[in-house]
Every structure is written in structure tokens, then in C-alpha cells.
Amino acid sequence: MIRGKNQVAIKIFLAFVLCFSIIGGWVKPVRAETLTWTGNMSSAWNSIGNWSPTKIPTNSDVVIIPSTTTNDPVIPASYAALASSITIQTGGILTLSNNGSISAGGLIIAAGGELVTADESETTINLTGTLENHGTISSRGQLVINAAASTNDGTIICSGNYSSFTPIIAFNAPFNNAGTVDIQNGHVDLTYGGTHTGTFTGSTSNTGSYAGLWLGSETVSGQTFTFLSGSAITLPRLITDSDAVVNIFGTYAPSGASELRIWGTSTVTFDLAADSNVNVMADDVVVASTLYLNGSDGFTFSELSTGQNAYLIFNDPTSITGNFYWNGGTITGNGTTTVEASAAPV
């Protein structure tokens, strides 16, 4: 027979067992589901009536945005959309409103699918995995993309009202472009390096102080950006910063009133296949660190400025036809350098 303290202890133990058995029966495990957007009620992402099954996505759910919907989904202002992964299918369109964000494991935009940000908006995409764009990303505000890696073989457009709000797309992850990046206004920032076979183009009217394609950042060191044969840079403005290493093996044909800025301690190498044409550099070139020219039939500068730490290696015939602002540095290499009489050092 059990008596005294032992009997009390056993009763307490049995009570705990019963209690946890009841609680365990009430608590259902969280199950990952595949949620498909229907848009039956509205365009609001955070309305359960717009999803099948009827549930607002959580970070454990797989999300599908199809083309056949009554209303295209919109992530509301200041709302954080969650998912395990998001796929925007062909014909599907997802819009991010001001201060809206996406947090997911990965994001895939199929060919014919589209991700849009609202005019003059600040938006963020946070991915623990990768961004794959086979369709279109169109940002008319400031879009920051944090991911393990980002790839593009579709189209990325940076545009918007430049007079009151500087459009930006910032990739805080390695970015590889095999498609088209079109910088109509503002700038696209690549921080973590990457390899490119596609095209970087832009409007000739996009000439503000911070416009263009920026490679490198003071916050991240040791990054390499490689533009392989077959790639093309045709936008007006290219800027390198920090200690970025930039290798250009493809086409460099800047348009409009063009500029090339080599800042910080970055190194830019043009190693182009020989052809019958002289490669005309940007209209206005400023070199504060290292510029290496090689592998072509020649290079022409309309205007060249150097900094005290500039180091220029010219291994092919190079001519300077316009203003030559010599502020120090070194010119060396195996090629000949010709300064036209009209371009005497200033």
C-alpha cells in the first residue's frame, strides 16, 4: 500500500501526465501548405479570401502566383509578406507597395511573370535562398534585395521619377546577369560581385550625380565583377568603388554624354578581342586608382583626368584627343600613348 508523501507525489505526477496529454491533443502541428493566389475578393495579399486554401501565407507555406486571377496580388504598404518560397508564374504579376517587404526562402519569377514596385516606394526582398528572374522585375522606387545569390536571364528595369526620388535597385548578394538590366533612371548597385554574359543598358538622359551602374562598396571588400565575351555595357555611366576588381572582356560602348569613374582602390581591366575598330572610351573618364587597357586595336579618350594614385597600364595604342587633366599618377605599358596638341595636360 502506498501512503504519505509517496502517494501525494504519484498523484501529482499523474495530474501532470493528464494535463500534458490534454494540451497535446489541443495543439495541432504547423503544416506546410501550397497556397495559390485566386484574387477572388480583392488584390490584398493579407486577405484569406484571396487564397486557396483560405489562409494567409506564413513562412512555412509554398506560394504560387498564377496568371488566371480576378485581381493581381498587391503586398500592402508597410506589410511583411511571408512564405517558404514564392513562384510568380507566366502571366502572374505581384506588386510591392511602399515599405512593403517579402521574406521567404526563395523567389522565382517565370518567363512572362512580373514583380513590380510602386512609384517612389521603398521596398525590400529578404531571401535565405536565391532569387531567379526569368521574367521582369520593374522597380520605380528604391528596392533592396538581400539573398544568398541572384540570377537574371530576363529583364530588370530601374526607373521612376528622378527629380524627386532617386530610383535604386541594390543587390546585396552575388548577382549574375545573362539577360538585360535597363537603368532608365537612378542607379543599380552591385555589391558582392558576379559574372555577366548579358547587357547593361540605360537611358542617355540618366546623367545625375549618382546615376548608372555602381560596382563595389566600401562596406564589402574583395569582390570581383566579370563581364565575359558576349556581354555588353552600353549605358552612359559606369562607376567602380572601394577595392572592386572589374574585368571587361565584352563590349563597352557607352551612349550619350558618358562617364567612367574609377574610384577608391578599384582595378578596372579592359581586355578586348582585337578588331578593326578603335575603342572609344566614355566622354569623361576619371581614374583615381588602376586602369588596364589591353587586347584591342587601340583606345581613344575624349577627356581624361587622373588622381595622385592613378596607375594606368596601356598595352595598346592609346590617344587622348580632348582635355587631359594630369593630377599625378603613373602611365606605363607596352603601347604608345599619344596626347593630341589640342589636349595638352591641364
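Described in the following lines is the structure provided in the data block. What you see is a predicted model; the values in this text were computed from it and never measured. (Residues numbered from 1 in each chain as written. Predicted model: local features only at pLDDT ≥ 70, side-chain atom pairs only at ≥ 80, totals over all residues. Heavy atoms only, no water.)

Brief notes about the overall build of the protein
Thinking step 1. In terms of helices and strands, the protein carries one helix and 40 strands.
Thinking step 2. Looking at the protein residue by residue over its 346 residues, the buried ones come to 46%.
Thinking step 3. For the protein, long-range pairs separated by at least 24 residues make up 35% of all intrachain contacts whose partners lie at least 6 apart in sequence.
Thinking step 4. Surface exposure of the protein reaches about 15300 Å², of which carbon and sulfur atoms provide 54%. (Helix = DSSP H or I, 4+ residues; strand = E, 2+ residues; numbered from the N terminus. Buried < 20%, exposed > 50% of the residue type's maximum accessible area, 1.4 Å probe, protein only. Contact = heavy atoms within 4.5 Å. Areas by Shrake-Rupley, 256 points an atom, 1.4 Å probe, with all protein chains shown as cover.)

Brief notes about the sheet that holds strand S14 (residues 142-146)
Thinking step 1. One open sheet holds the twelve strands; their spatial order is S5-S8-S11-S14-S17-S20-S23-S26-S29-S32-S35-S38, and the pairing between them is parallel. At either end of the open sheet lies a strand with only one pairing partner, and these are strand S5 (80-82) and strand S38 (324-325).
Thinking step 2. As judged from the three bridges shared by strand S32 (residues 284-287) and strand S35 (residues 304-306), these two strands associate in the parallel manner. Residue pairing in the sheet places Val287 in a bridge with Thr306 of S35. (Pairing = 2+ DSSP bridges.)

Some remarks on the sheet that holds strand S37 (residues 318-320)
Thinking step 1. Taken in spatial order, the four strands line up as S31-S34-S37-S40 in an open sheet, and their pairing is parallel. Looking at strand neighbours, the two that pair on one side only are strand S31 (279-280) and strand S40 (337-339), the edges of this open sheet.
Thinking step 2. For S37 and S40, the ladder comprises three bridges, and the chain directions are parallel. Within S40, the residue paired with Ser319 across the bridge is Thr338.

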